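Spelled out from the first residue to the last, the chains are:
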Amino acid sequence: MTSLQDDTSDDTGAAPAALFPTGFRWGAATAAYQIEGAADEGGRGPSIWDTFARTPGKVLGGDTGDVAVDHYHRFRDDVALMEDLGLTSYRFSISWPRVQPAGSGAFNPEGLDFYRRLVDALLDAGIEPWPTLYHWDLPQPLEDKGGWPERETAHRFAEYAAHVHEALGDRVRHWTTVNEPWCAAFLGYASGEHAPGRRDPSASLHAAHHLMLGHGLAVQAMRAHAPGNRFGAAVNLYAVSPATDDPADVDAARRVDGLQNRLFLDPLLLGRYPWDVLADTSGHGFNPPSEDLAVIHQPIDQLGINYYSRHTVAGTPGEAAQAASSPFATHSPWVGSGHVRFVPSGRPVTGMGWDIDAGGLYEVLTRVHGEYPSVPLYITENGAGYDETPDEDGAVKDAGRIGYLDAHLRACHDAVSGGVPLRGYFTWSLLDNFEWAWGYSKRFGLVHVDYATQRRAPKDSARWYAGVIERGGLPGRG
Ligand code: IFM
């Protein structure tokens, strides 16, 4: 068992203190398109999210990331906020179209310079920079050539990653390649809820494969340059439960778990695709070349897990066989929703309508540790979104978020106590920001942003998280 600092517990039924090992990373996360703004400044090219968000009807309220929270101009203030919180690490993403506007060919020194200045400011503040190379903002010219369903995009990504790494690798140790490839592939190319807004099941599977291939190629290229750095990807994993023991529900859970979790974990950590998912998707021309698996299955130094919720699913009795041949008619975020229903579990939900289930995080962590070869784990995202407005005194009393974070951190602590090699936790998000298809209507930040004035104001949860970091964990609860 990992030795934890000063754990105390009693037999009163109260939650005991949950202190984490020395050296545990305490962070917050953001992503370029969601916070930077400055969409047409500094030589940045267009991304698929610029095109998508500027297309009427795609994003709630017609919101775009054109200005976002103006982090491009205010990053020094934002680093000061992080310092106030006591963050030890900050996860951000690098905008590919800012660094390489066309996605191939010339790099943009001004774009790279922005990230150099950000990294320097973080290091000066004693905060470890933790960049992600792809958080969904594909340069539009690459989408015009076919996007992630095209194999060439994986090679372009590796070239871009190597270039950024060459510029920053002397000061940045931890590198994340792709963020949530499930979302990029399936929300982007199957359901069309995210950029580029395509609805093509076959394309989405090829996109998933090429995102993973891009990860592997990028790790190879970066590691060749700086073998001492730490490389990994960030996947969004869900706990998945069948609504009942009915075989149709159990099969629905298998299929959702397959496409949501195992389609990414198995190639990354085992070097193979799950056979049942390949069987389920056999009608979609998805036959990934086996030699790609060796590239995807690069040794990684860390795995990022983004966890928010549990899915409870039901099948339609008697239709399991039919559903298996039509997997994209099964998952409500994807095309249609014929054979799998996402059913209410009765648990409380966040402002996104997502089930709050900290036990699911424990389940995910122990599953990844138990079923896959051991690798250091980080929670690279975890948080709760709400519609929030400050009260008359300007305070955001976000007790719901505090409760959510507290419960999920206790789940992390339970996992660490049980021997799971969890090394750090990044909450999503540092600041309120552009929540993709929801625009600015949902807020995940520890820090409230008034979008009209760009004024930042720490919410109650920011103060609470600062206390957690200072203490190295959670206090006991009476
Ligand atoms: O805002 C997103 C983030 O970009 C990726 N993970 C989930 C968050 C909340 O939806």
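Everything numeric in this text was worked out from a predicted model, so none of it was measured.

**Student:** Pulling in residues and values, what's your account of the site of the ligand?
**Tutor:** For the ligand, the full set of nearby residues is Gln34, His135, Trp136, Glu180, Tyr308, Trp354, Glu381, Trp428, Glu435, Trp436 and Phe444. His135 places a polar side-chain atom, nitrogen or oxygen, 2.8 Å from an oxygen atom of the ligand. Note that an oxygen atom of the ligand is positioned 2.8 Å from one of the side-chain N or O atoms of Trp436. Across the complex, the protein chains shield 94% of the 280 Å² of accessible surface that the ligand would expose by itself. Among the residues making up the shell around the ligand, the classes are represented as 6 nonpolar, 2 polar and 3 charged.

**Student:** Before we move on, can you summarise the nonpolar core with the specific residues and values?
**Tutor:** Counting 135 residues, the largest nonpolar core has Trp49, Tyr134, Phe186, Leu303, Ile305 and Leu365 as the members making the most contacts within it. In this view, Trp49 contacts Tyr33, Val59, Trp136, His194, Ala195, Phe434, Trp436 and Ala437; residues no more than four positions away in its chain are not counted. Counting 7 residues, the second-largest nonpolar core is a separate cluster that includes Tyr238, Ala253, Val313 and Val340.

**Student:** Explain the side chain of Arg44 to me, and be specific about the residues and the numbers.
**Tutor:** Turning to its location among the elements, Arg44 is positioned in the loop between α1 (32–35) and α2 (48–53). A distance of 3.0 Å separates a polar atom in the side chain of Arg44 from the backbone oxygen of Ala39. Leaving out residues up to four positions away in the same chain, Arg44 has contacts with Tyr33, Ala38, Ala39, Asp50, Ser95, Pro97, Arg98 and Asn108.

**Student:** With reference to specific residues and values, describe helix α14 (residues 358–371).
**Tutor:** With 14 residues, α14 extends 20 Å from end C-alpha to end C-alpha; this agrees with the ideal 20 Å at 1.5 Å per step. Among all positions in α14, only Ala358, Gly360, Leu361, Val364, Leu365 and Val368 are buried. Within α14, the buried residues cover an arc of 155 degrees as seen down the axis, which keeps them to one side. Exposed side of α14, more than 90 degrees from the buried face: Gly370 and Glu371 are the residues found there. Here α14 starts with a cap whose side-chain oxygen sits 3.2 Å from the backbone nitrogen of Gly359, and that cap is Asp357.

**Student:** Now, about unusual backbone geometry: what can you tell me, with residues and values included?
**Tutor:** With an omega dihedral of 5 degrees, the bond running from Ala195 to Pro196 counts as a cis peptide bond. Here the amide bond leading from Trp428 into Ser429 is cis, since omega sits at 15 degrees, within 30 degrees of zero. The topology assignment puts Ser429 in the loop between β12 (422–428) and β13 (447–450). A positive phi angle, close to 45 degrees, is found at Glu180, a residue other than glycine. The phi torsion at Gln454 lies on the positive side, around 65 degrees, for a residue other than glycine. One can find Gln454 in the loop between β13 and β14 (455–458).

**Student:** Account for the environment of Ile300, naming residues and giving values.
**Tutor:** Mapped onto the fold, Ile300 is located in the loop between α12 (290–296) and β8 (303–306). With near-sequence residues (within four places) excluded, Ile300 lies in contact with His215, Arg223, Phe231, Gly232, Leu269 and Val375.

**Student:** How would you sum up the pattern of salt bridges? Please name residues and give values.
**Tutor:** Scanning all chains against the criterion turns up 39 salt bridges. Glu159 is the salt-bridge partner of Arg156, the closest N and O atoms lying 3.6 Å from each other. A residue pair is termed a helical-turn pair when its members lie 3 or 4 positions apart in one helix, as Arg156 and Glu159 do in helix α7 (residues 151–168) at 3 residues. Judged by relative accessible area, Arg156 falls into the buried class, the value being 17%.

**Student:** Please provide a residue-by-residue account of the sheet that holds strand β4 (residues 128–134), values included.
**Tutor:** Sheet architecture is closed into a barrel: 8 strands sit in the order β2-β3-β4-β5-β6-β8-β11-β12, paired in parallel fashion. On average, adjacent strands in this sheet sit at an angle of 25 degrees to one another, irrespective of strand direction. The pairing of strand β3 (residues 89–93) with β4 spans 5 bridges and is classified as parallel. Paired with Ser89 across the two strands is Glu128, which belongs to β4.

**Student:** Now, about the packing of helix α15 (residues 399–417) against helix α16 (residues 460–471): what can you tell me, with residues and values included?
**Tutor:** Closest axis-to-axis distance for the α15/α16 pair is 9 Å, and the angle between their directions is 25 degrees. As summarised for this structure, α15 and α16 are arranged roughly parallel, according to the angle between their axes. Note on element contacts: α16 touches α15 through Asp460, Ser461, Trp464 and Val468, opposite Arg401, Ile402, Leu405, Asp406 and Leu409. Looking at the contact of α15 with α16 residue by residue, the class counts come to 5 nonpolar, 1 polar and 3 charged.

**Student:** Kindly report on the sheet that holds strand β7 (residues 239–242), identifying the contributing residues and their values.
**Tutor:** Backbone-to-backbone hydrogen bonds pair the strands of a sheet. The strands run either parallel or antiparallel. Read from one edge of the open sheet, 3 strands run β7-β9-β10, paired in mixed fashion. Each having just a single partner strand, β7 and β10 (340–342) make up the two edges of the open sheet. Strand-to-strand twist in this sheet, taken as the mean axis angle between neighbours without regard to direction, amounts to 35 degrees. Here β7 pairs with strand β9 (residues 310–315) via 4 bridges, running parallel. Paired with Ser241 across the bridge in β9 is Thr312. Each of β7, β9 and β10 touches helix α10 (residues 247–270); the most contacted strand, β9, lies at about 135 degrees to it.

**Student:** Quick rundown of the packing of aromatic side chains? Include the residues and the values.
**Tutor:** In the structure shown here, the tally under the stated rule is 35 aromatic pairs. Note on Phe114 and Tyr115: the rings are 4.9 Å apart at their centroids and 70 degrees apart in plane angle, and the pair reads as edge-to-face. When sorted by exposure, Phe114 lands in the same class as Tyr115, which is buried. Linked through ring pairs, Tyr33, Trp49, Phe52, Trp136, Phe434, Trp436, Tyr440 and Tyr451 together constitute an aromatic cluster.

Conventions we followed
- Counting restarts for each chain: residues are numbered from 1 in the order of the written sequence.
- Only residues with pLDDT of 70 or above have their local features reported here, since the model is predicted, and side-chain atom pairs are shown and tallied only from 80 upward, although totals for entire chains, interfaces and linings are computed over all residues.
- The basis for every side-chain value is the complete set of non-hydrogen atoms in the structure, without hydrogens or water.
- Residues are labelled near a given molecule or strand when at least one of their non-hydrogen atoms is within 4 Å of it.
- Whenever a nitrogen or oxygen atom comes within 3.5 Å of another N or O atom, the pair is scored as a polar contact, on the condition that within protein one atom can donate a hydrogen and the other can accept it, and that pairs from neighbouring residues in sequence are kept only if both atoms are in side chains.
- Methods summary: accessible areas were calculated by the Shrake-Rupley approach with a probe of 1.4 Å, and residue burial reflects only the protein chains presented.
- Each residue receives one of three labels: charged for Asp, Glu, Lys and Arg, nonpolar for Ala, Val, Leu, Ile, Met, Phe, Trp, Tyr, Cys and Pro, and polar for the others, Gly being one of them.
- Here, nonpolar core refers to any group of buried Ala, Val, Leu, Ile, Met, Phe, Trp, Tyr and Cys residues whose side-chain atoms link them within 4.5 Å.
- Only protein chains enter the calculation, and the probe is 1.4 Å; a residue is then buried if its accessible area is under 20% of its type maximum, exposed if over 50%, and partly exposed in between.
- Any pair of residues with heavy atoms lying within 4.5 Å of one another is described as a contacting pair.
- Strands here are runs of E lasting at least two residues and helices are runs of H or I lasting at least four, both read from the DSSP assignment and numbered beginning at the N terminus.
- By this rule the span expected of a helix is its residue count minus one, scaled by 1.5 Å.
- Each direction from the helix axis to a C-beta atom contributes to the arc, which is the arc of those directions.
- Each reported salt bridge corresponds to a side-chain nitrogen of Lys or Arg within 4 Å of a carboxyl oxygen of Asp or Glu.
- Strand pairing follows a simple DSSP-based rule, namely that at least 2 bridges must link the two strands.
- To get an axis, a line is fitted to the C-alpha atoms, and for a helix only the part in contact is used. The angle between two axes follows their N-to-C directions and goes from 0 to 180 degrees.
- Throughout, the term roughly parallel applies to angles under 35 degrees, roughly antiparallel to angles over 145, roughly perpendicular to angles from 65 to 115, and oblique to all others.
- Working definition: a ring pair exists when centres of Phe, Tyr or Trp rings (six-membered ring for Trp) sit within 6.5 Å. Plane angles under 30 degrees give stacked, over 60 give edge-to-face, the rest tilted.

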